[in-house]
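# An overview of the molecular structure
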Amino acid sequence: HRDLHSFPTRRSSDLFAALMGWWVAEGSVKFDTVTYEYKTYIWQNRRAHPENFEQIQALVTRLGFSSWVHRNVEGEDDGVVIGGKALAGYVYKYGPGSHHKRVPREVLSLGDSPRRQLYDAMIAGDGSQYADGHTNYSTASAGLADDLQELCLRLGLSASIRPFSKVTDRKSVV
């Protein structure tokens, strides 16, 4: 198992930050000490988003993690599964569910290049980019909305948080 206490290293901080961006936006985790299942999932349908799917697979491969493709009941590739207790334990601390997701503090503390990789992956996952240049990101996690606002400010971008709708508790960062 890869020792994540040494992550992110200088050599791989851009890659790891991008992986964390994808995980925060599109990921889930199974950390089960009873069945010994330790899996990190990044959900992205290959047919709907082929470039994103390939980027996620390439990141996982370049970081040296063992992975395989998850197929849905229709037989479509709909995610990348990364096996291993170390990564599953690491990401579990930052959100066992969508309402509790956070950006790891150590990733926010990296330099501008890794922070940009984190931001770009998050926007590619759960964000939207518009023709006029502005972006929007939706999340159910108030903490993640705060983290993204901080990330934007560290990158020199303006950001505000507003309720997504009165019906849901989702937040939108624009």
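Each chain carries its own residue numbering, running from 1 in the written order of its sequence. For this predicted model, a pLDDT threshold of at least 70 governs which residues receive local features, and a threshold of 80 or more governs which side-chain atom pairs are given and counted, while totals over whole chains, interfaces and linings are taken from all residues. The basis for every side-chain value is the complete set of heavy atoms in the structure, and neither hydrogens nor water enter the calculation.

## Regarding the side chain of asparagine 52
Structurally, asparagine 52 can be placed in helix H2 (residues 50–63). Between buried and exposed lies partly exposed: a residue is buried under 20% and exposed over 50% of the maximum accessible area for its type, with that area taken using a 1.4 Å probe on protein chains only. When its relative accessible area of 15% is taken as the criterion, asparagine 52 is described as buried. Only heavy atoms enter the contact rule, under which two residues are in contact if any of them lie within 4.5 Å. Each residue touching asparagine 52, except ones within four places of it in the same chain, is listed here: Trp22, Gln44 and Ala124. Each helix is a run of DSSP H or I of at least 4 residues and each strand a run of E of at least 2, with the numbering of both proceeding from the N terminus.

## Concerning the environment of serine 128
Mapping serine 128 onto the fold places it in strand E5 (residues 127–129). Sequence separation between serine 128 and serine 138 is 10 residues, and the spatial gap between their C-alpha atoms is 8.8 Å. Setting aside residues no more than four positions away along its own chain, serine 128 makes contact with Ile123, His134, Thr135 and Asn136.

## Let's talk about the pairing of strand E3 (residues 67–71)
By definition, two strands form a pair when at least two bridges between them are found by DSSP. One ladder, built from five bridges, connects E3 with strand E4 (residues 77–83); its direction is antiparallel. In the strand pairing of E4, histidine 70 is matched with glycine 79. With antiparallel pairing between neighbouring strands as the criterion, E3 and E4 make up a hairpin whose turn holds five residues, including glycine 75 at a positive phi of roughly 85 degrees.

That's the geometry; what it means functionally is another story.
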